[in-house]
Amino acid sequence: MRVITGEKKGRRLAAPMGLSTRPTSEMTKEAVFSAIQFEIEGANFCDLFAGSGQMGIEALSRGARRAYFAENSSEALSCIRANVKSLELEDKSEIYSGDVFTFIKTTSAVFDIVFLDPPYNSQLIEELLKLMGNRVSPKGVILCETEKREETPLKAGSFEKVKEYKYGKAKISAYRRGDI
C-alpha cells in the first residue's frame, strides 16, 4: 500500500498481517478520493474501522485538516501509529483505541467526511448511520464500503443514500443529510 497523491505521495504504508483486516484496494481508494476531491481541503476526516489508517492518511496527504482513526485491533492500531509517525502526521491525527460505537457516542468531534469500512456482511451500516447524526457537519458525507452484493439502506437516521459506486468486489455507498 502507498499514498496515492498529495504531500505524502508515493510513501509506503504498513498493513496489519493476516486476514483480520481487509485493506481498501488502491482502485477503490482512488475512486473514493476522486469523488470527494473538492471536499477534502481543510476537512475533518474520520476513518472508522481504520485498519492501517490508509484512508485517513490519504486524506491528510490531500489537505485534510485533521484525521480521526477508530480501530479496536491492537495489531491494526500499531500499524496506524507507525504509519502516522513515519509520515510525521501525529499533530494532525487522533487515534482511538476501542469500539467504533463507543467512539461515535463519546467523541465531541464533528466530521466533514466519514469513511466507514466495517467487516463485510456485518450488517452494521444502518446502526452506525443512525448514530452519526450530530457527528457529521451539515454538508458532510459518509462513505460506506461494503461487499458489492451487500444491501445498504436507502435512508438511516438523518442520512439518505445519494450515490453508489462499484469497484471490483467493493461497493461504496455515499450518504448525505436528507433534511438540507
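The structure displayed is predicted, hence computed values, not measured ones.

What counts, and at which threshold
Residues numbered from 1 in each chain as written. Predicted model: local features only at pLDDT ≥ 70, side-chain atom pairs only at ≥ 80, totals over all residues. Heavy atoms only, no water. Helix = DSSP H or I, 4+ residues; strand = E, 2+ residues; numbered from the N terminus. Rg over C-alpha atoms; globule rule 2.2 N^0.38 Å. Buried < 20%, exposed > 50% of the residue type's maximum accessible area, 1.4 Å probe, protein only. Contact = heavy atoms within 4.5 Å. Areas by Shrake-Rupley, 256 points an atom, 1.4 Å probe, with all protein chains shown as cover. Lys, Arg positive; Asp, Glu negative; His and termini not counted. Charge placed at Lys NZ, Arg CZ, Asp CG, Glu CD. Pairing = 2+ DSSP bridges. Axes fitted to C-alpha atoms, helices over the stretch in contact; angles between N-to-C directions. Expected span 1.5 Å × (residues − 1). Arc of directions from axis to C-beta.

Observations regarding the overall build of the chain
Next, step 1: For the chain, the helix and strand inventory stands at five helices and eight strands.
Next, step 2: For the chain, the succession of helices and strands along the chain, N to C, is α-β-α-β-α-β-α-β-α-β-β-β-β.
Next, step 3: Against the globule reference of 16 Å for 180 residues, the chain gives a C-alpha radius of gyration of 15 Å, in line with a compact fold.
Next, step 4: With the C-alpha coordinates of the chain rotated into their principal frame, the extents come out at 40 × 30 × 30 Å.
Next, step 5: Looking at the 180 residues of the chain, the share that counts as buried comes to 51%.
Next, step 6: Look at the contacts in the chain between residues 6 or more apart in sequence, and 63% of them connect residues 24 or more apart.
Next, step 7: Accessible surface, the chain as shown: approximately 8500 Å² in total, 50% of it carbon and sulfur.
Next, step 8: Of the charged side chains in the chain, 27 are positive and 25 negative, and the gap between their average positions amounts to 2 Å.

Structural notes on the sheet that holds strand β5 (residues 136-147)
Next, step 1: Spatial strand order, β3-β2-β1-β4-β5-β8-β7-β6: eight strands in an open sheet with mixed pairing. The sheet is open, and its two borders are formed by β3 (93-97) and β6 (155-156), each paired with just one other strand.
Next, step 2: Sheet topology note: the strand β7 (residues 159-167)/strand β8 (residues 170-177) ladder contains eight bridges and is antiparallel. Among the inter-strand pairings, E164 is bridged to a residue of β8, identified as S173.
Next, step 3: The strands that helix α2 (residues 54-61) touches are β1 (44-48), β2 (66-71), β3 and β4 (111-116); relative to β1, the one it contacts most, it runs at about 165 degrees.

Details of helix α3 (residues 74-86)
Next, step 1: A rise of 1.5 Å per residue sets the reference length of α3, with its 13 residues, at 18 Å; its end C-alpha atoms lie 18 Å apart and thus fit the reference within 8%.
Next, step 2: All of the buried residues along α3 are A76, L77, C79, I80, N83 and V84. Buried residues along α3 cover an arc of 160 degrees about the axis, so they all sit on one side. Exposed residues on α3 whose side chains face more than 90 degrees from its buried face are S74 and K85.
Next, step 3: One or two positions beyond α3, positive phi appears at E88, with a value near 55 degrees.

None of this, on its own, says anything about what the molecule does.
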